[in-house]
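Structural features, examined
Take a look at the letters that make up each chain.
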Amino acid sequence: MSTIVLLALTGIGLAGLYFLVASGLTLIFGLMRVLNFAHGAFLLLGGYCAWLLGAQLMDAAGNVSNAGFLAMLIAALAAGAVIGTLTELVLIRPLYRREFAQVLVTVGLGLVVGALVMGIWGGDPRNFPAPPWTHGIVRILGANVPASRFLLIGVALLVLVALVAFLRHTRYGLIVRAGVENRTMVSALGIDVRRAFTLVFALGGALAGLSGALAGVYFGAVSPGLGSMLLIDAFIVVVIGGLGSITGSALAALAVGLLQQFANYYFTGIGDLAIVLLLAVVLLVRPRGMLGAST
Amino acid sequence: MTRAPGTQPRRFAGRVTLAVIVLLLVAVPWLDLPTAGLLPDRLNAPGSLQLLGLCLVFGALAMTYDLLFGFTGLLSFGHALFFAAGAYTFAIAATVFHLSGPAALALTLGVALLLPLVIGAISLRTTGIAFAMVTLAFAQAGAVIVGQDPGHATGGELGLGLAYDHLPQFLVGVANTRYLYWICLALVVVVAGIIWWISGSVTGRVWQAIRDNERRVQVLGLRPYVFKLVAFVAASFLAALCGIAWLLLVGGANPGITTAEFTLSLLVMVVLGGAGTRWGALAGGVLYTFLDQRLAALAGSPAIQSLPTALRVPLSQPLFVLGIVFMLVILFRPGGIASLFGMHGSQPARRRWLAWLGRGAARR
C-alpha cells in the first residue's frame, strides 16, 4: 500500500512538472500552429537564472530561505517571459503566416541556447539550491514521500486554475480561445491576433522558465540536457492530450507521469518505453489526441 | 518532361564535371597536399581522410532525409532510428554474434528493409504533426532500448566498439583509413545514384505530387499511402547503409546517433543545403559535418582562446555557430545553399518547396 501511495504521489508530482512545460507548448500550438522547439531552451534559461540567483542567496550548506526561493522562482518566470517575448517579436513575427519556417527557426534557437548554456556553464549538472523543507519527507499512509513532489503538485494546480480562469474570464483569454478555434474569423472581426501571439509566447515562456526552476528542485540539479529531455516528454504529453487543449494536457500529464512511475517500479526501467508506446497507441487510435479539436 | 534546346550539351558538361569531381575524390588518398589548416593534417593523412569520410557519410544521410522530407513532404522525427539500426545491427552481428562480414551485412540489410516496412506501415496511418510524433515515439523507443543495454548487446551509454576479428583485414588500423574513405565515397555515389534514379522515375514524380497536394493525387486514383510507404522504406534503407559505413569509419556505435537531436541535426543539414534539391542536402550534410568538426578544433586554437570571453565562449561551441547560420538561412535565404548557386533543374522544385515552407506542415 505504502509503495502504491509513494509511486502515485511521485507520479503526480512528475505529472505537475510535465504539465507546466506542456501547458505553454499547447497554448502556443493551439493559437499559432507552431510546435515550439525552443521551449526546452526557455526552460533551460529559467532554470539557470534561478540557479544563478540561488547561488548568490544560498548559505554555506546550499540552502536558501523561503523568500529567497520565491525570488528564484520569480526570476525564472521573468527570464522565461522575456525570452519568450523576444523570440516572438524577433524570430516568429518576421515569418508571419509561414508556420513551417517558424518551427524551423525555433529548432535553430533551441540549438543556439543549448550550446550557449553548455559553453558558459559547462556540461556538468549544477546543484540547485532550495529551502531545507523541499529536501524533507512527508509521511502519508505509511509512505515516505519527498516534500518537493507536493511543491510541484501545488504549483501545477495553481497554474492550471489560473490558466483556466485567464482563458475563461478575461478578454485576452477570450481572444486566445477564439483564436484557437478559428484564427481567420478573429482577425476578420477586427482584433489584432498578433498581440495574442506575443501574449501566448510570453505566457508559455514564463511557464517554461518556472518549470525549469522546479525541475531544478525535482532533480536536485540543472544541466544543459534538461531542456531537450523535458521537451520530448512535454511533446508526448501535448500530443496525447490533443494539441491546443489545456485540460487535455493536464489529463495526459497525469496519465504519463503515473504510467512512467509505475512502469519503472514494476518492470525495472521500462517507464520511458511505456510512455512512447502510449503515445503511439493513442495517435493510432485517435490521431488528434484525447481532447484534440475535431476540425 | 520536355527539355529546352541546348540542355543536351549542358547535361553533357554537367556529367563531365561530375565525373571529374568523383575522380578527384577517388584520388584524394594519393594526393599529399597541404590543407592550410582546413583539415587536421595533410590531405591524405588518416585524420583528414576520416574527417572527409565523415562529411561524405552525413552528406549521403542528409540526402536520404531529403528524399523523405524535401521530396515527399514527410516530416519524420525518427530518421535517426534507421541510421542507428544499420550501425547497431552490424556492430552486434559482428561483435556479439561473431558473424563474418558478408553475413553481418546480409543480416543488417534484412533488418534495414523490415524495420522501416513495419514502422512505416504503422506511422503512415497518420499525417502531418501526428506522423512526426509517431515517428519520434518509435525513435525514442529505439533510443531507450539502446540505452537500456538489453543482454549487454548495445553497450548502453558507453556504446559498442566494433570487433574486427571476423571482418576483412583492410578495414583494420589507422594505416587503412583510405579504404574506409573509399567505402564512404562509394556510399555517396550509390546513394546519390539511387536517389537520382528513383526521384526521376514515375514514382518520384508521384512523391513530389504528394508533397504538393496529396488529396489531388488521391483524386487521380493513386494510393498515396503505398507511395509514401515506398519512400519511407527507400529512405530508411539507404539511411541504414549510411549507418554501416559510419560504423566502419568510426569503429563503434554510440547512443548519440539514436537521439531526437540527431534527427533534428539532419533537418538542419537538409534545410541549410536546400530541401528538395538533392545536391543541396548533400552540400548541407557535408558543410554541417565539416563545420561541426572543425569549429570544435578551431575553438582550441590560440586565435580563439585569446578573444574576450563574450566572443570566445559562443565561438567555441560549434552548435551555436551552426544554429545562428541556420536561423539566418531560414529568415533570409529559405532556399539554402542551393539557392546561392541556382542549381540547375531545381528551380521549379525549389519554388514548390518554398511554397510548401510557407503553407506550413501543421495544416497538412
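Every chain is numbered on its own, with residues counted from 1 as its sequence reads. Chain letters and ligand numbers both follow the written order, the letters beginning at A and the numbers at 1. Local features in this predicted model are restricted to residues whose pLDDT is 70 or higher, and side-chain atom pairs enter the listing and the counts only when it is 80 or higher, whereas totals over whole chains, interfaces and linings include all residues. Here the side-chain values reflect all heavy atoms present in the structure, with hydrogen atoms and water set aside.

Next up on the list: the overall build of chain A. In this text, helices come from DSSP runs of H or I with a minimum length of four residues, and strands from runs of E with a minimum of two, each type numbered from the N-terminal end. In terms of helices and strands, chain A carries 11 helices and four strands. Here the radius of gyration uses the C-alpha set of atoms, whereas the globule reference equals 2.2 Å times the residue count to the power 0.38. For 295 residues, the compact-globule formula gives about 19 Å, and the C-alpha radius of gyration of chain A, at 19 Å, lands near that figure. Projecting the C-alpha coordinates of chain A onto the three principal axes gives extents of approximately 55 × 45 × 35 Å. Counting every position in chain A, which comprises 295 residues, the buried fraction comes to 55%. The long-range share in chain A, meaning contacts at least 24 apart out of those at least 6 apart in sequence, stands at 77%. Only protein chains enter the area calculation, which uses a 1.4 Å probe; residues under 20% of their type maximum are buried, those over 50% are exposed, and those in between are partly exposed. Note on definitions: a residue-residue contact is assigned when non-hydrogen atoms from the two residues lie within 4.5 Å.

Moving on to the overall build of chain B. For chain B, the count of helices and strands is 16 helices and two strands. Radius of gyration (C-alpha) of chain B: 21 Å, near the 21 Å computed for a compact globule of 364 residues. For the C-alpha atoms alone, the extent of chain B along its principal axes is close to 55 × 45 × 45 Å. Burial status across chain B gives 54% buried among its 364 residues. Summarising the internal contacts of chain B: among those between residues at least 6 apart in sequence, 72% fall at separations of at least 24. A total of about 15,800 Å² of accessible surface is found on chain B, and carbon and sulfur atoms cover 69% of it. His residues and chain termini do not enter the charge count, which takes Lys and Arg as positive and Asp and Glu as negative. Charge positions are represented by NZ for Lys, CZ for Arg, CG for Asp and CD for Glu. Charge centroids of chain B, computed over 23 positive and 10 negative side chains, lie 20 Å from each other. Method for areas: the Shrake-Rupley scheme with a 1.4 Å probe, in which residue coverage is limited to the protein chains shown.

Residue and element names in this part refer to chain A. Structurally, Leu160 is set in helix 5 (residues 147–169). Owing to a relative accessible area of 21%, Leu160 belongs among the partly exposed residues under this scheme. Counting along the chain gives 79 residues from Leu160 to Val239, while the straight-line C-alpha distance between them is 18 Å. Residue contacts for Leu160: discarding those within four places in its chain leaves Phe19, Ile246 and Ala250.

Right, let's get into the packing of helix 2 (residues 46–71) of chain B against helix 6 (residues 177–200) of chain B. Residues and elements named next belong to chain B. Helix axes are fitted only over the stretch in contact, all axes being lines through C-alpha atoms; the angle between N-to-C directions runs from 0 to 180 degrees. Two elements in contact, helix 2 and helix 6, have axes whose closest approach is 8 Å; the angle formed by their N-to-C orientations is 20 degrees. Considering the angle they form, helix 2 stands roughly parallel to helix 6. Handedness of the helix 2/helix 6 crossing: left-handed. Angular relationships are summarised with four words: roughly parallel below 35 degrees, roughly antiparallel beyond 145, roughly perpendicular across 65 to 115, and oblique for the angles in between. Handedness of a helix crossing follows the sense of rotation of the near helix relative to the far helix, less than a right angle counterclockwise being left-handed and clockwise being right-handed.

The next thing to look at is the environment of Leu39(B). Here Leu39(B) is to be found in the loop between helix 1 (7–27) and helix 2. The spatial distance from the C-alpha of Leu39(B) to the C-alpha of Ala234(B) is 33 Å, given a sequence separation of 195 residues.

Here we take up the interface of chain B and chain A. The interface of chain B with chain A comprises 44 residues on the first partner and 38 residues on the second. A simple way to read buried area is as the amount of 1.4 Å-probe accessible surface that goes missing from two parts once joined, with both sides added. Interface of chain B and chain A: buried area, both sides summed, is about 3,500 Å²; carbon and sulfur atoms make up 82% of it. A per-residue breakdown of the area chain B buries against chain A is headed by Met133(B), Met327(B) and Leu331(B), which together make up 15% of the total. Here a salt bridge means any side-chain nitrogen of Lys or Arg lying within 4 Å of a carboxyl oxygen belonging to Asp or Glu. Linking chain B to chain A there are zero salt bridges. Broken down by secondary-structure element, the contributors of at least two residues to the side of chain B that touches chain A are helix 5 (128–148), helix 10 (260–273), helix 13 (309–315), helix 14 (318–332) and helix 16 (347–359) of chain B. By residue number, the principal contributor to the side of chain B that touches chain A is helix 5 of chain B, which donates 11 residues. Residues are grouped as follows: Ala, Val, Leu, Ile, Met, Phe, Trp, Tyr, Cys and Pro are nonpolar; Asp, Glu, Lys and Arg are charged; every other residue, Gly included, is polar. Tallied by class, residues from the side of chain B that touches chain A come to 33 nonpolar, seven polar and four charged.

What follows is about the packing of helix 10 (residues 246–266) of chain A against helix 11 (residues 271–285) of chain A. Residue and element names in this part refer to chain A. Where helix 10 meets helix 11, the closest approach of the two axes is 7 Å, and the angle between their N-to-C directions is 140 degrees. Compared by their axis directions, helix 10 and helix 11 come out oblique. Where helix 10 crosses over helix 11, the two elements pack in a sense that is right-handed. Packed against helix 10, whose contacting residues are Val256, Leu259, Gln260, Ala263 and Asn264, the element helix 11 presents Gly271, Asp272, Ala274, Ile275 and Leu278 at the interface.

The final tally for this structure, using the stated rule, is five salt bridges over all chains. Among the ionic pairs, Glu88(A) bridges to Arg93(A), the shortest N-O distance being 3.5 Å. Of the charged contacts, one joins Lys228(B) and Glu214(B) as a salt bridge, the two residues approaching to 3.0 Å between their closest N and O atoms. Taken together, the residues Lys228(B) in helix 9 (residues 224–250) and Glu214(B) in helix 8 (residues 214–219) connect sequence positions 14 residues apart. Classification of Lys228(B) as buried rests on a relative accessible area of 4%. With relative accessibility at 27%, the residue Glu214(B) sits in the partly exposed group.

All names here are of chain A. Pairing of aromatic rings covers Phe, Tyr and the six-membered ring of Trp, with a centre-to-centre limit of 6.5 Å; geometry is then stacked below 30 degrees between planes, edge-to-face above 60, and tilted otherwise. Per the stated rule, a full pass over the model turns up 20 aromatic pairs over all chains. On the numbers, 5.8 Å between centres and 80 degrees between planes, the contact of Tyr48 with Trp51 is edge-to-face. Of this pair, Tyr48 and Trp51 are both found in helix 2 (residues 39–57), three residues apart, which corresponds to roughly one turn of the helix. With respect to class, Tyr48 is no different from Trp51; both count as buried.

This part is about the confidence of the model for chain A. The predicted model of chain A has a mean per-residue pLDDT of 88, with 99% of residues at 70 or higher. Confidence of the predictor at the level of single residues is captured by pLDDT, which takes values from 0 to 100. By mean pLDDT, strand 3 (residues 143–146) of chain A is the weakest element of chain A at 81, and helix 3 (residues 66–92) of chain A is the strongest at 93.

All names here are of chain B. Turning to its location among the elements, Leu38 is positioned in the loop between helix 1 and helix 2. Among the residues examined, Leu38 registers a relative accessible area of 53% and is labelled exposed. Remark: the alpha-carbon pair of Leu38 and Arg294, spanning 256 residues in sequence, is separated by 7.6 Å. Discounting residues that sit within four places of it in the chain, Leu38 has contacts with Phe290 and Arg294.

Now for a nonpolar patch on the surface. Together, Ile4(A), Tyr265(A), Tyr266(A), Phe267(A) and Ile270(A) give the surface a local cluster of nonpolar side chains, amounting to about 520 Å² of exposed area. Structurally, the position occupied by Ile4(A) is in helix 1 (residues 2–32). A patch consists of residues whose relative accessible area exceeds 30% and which take part in no salt bridge; residues with like charges are grouped when within 9 Å of each other, and nonpolar side chains (Val, Leu, Ile, Met, Phe, Trp, Tyr) when within 5 Å.

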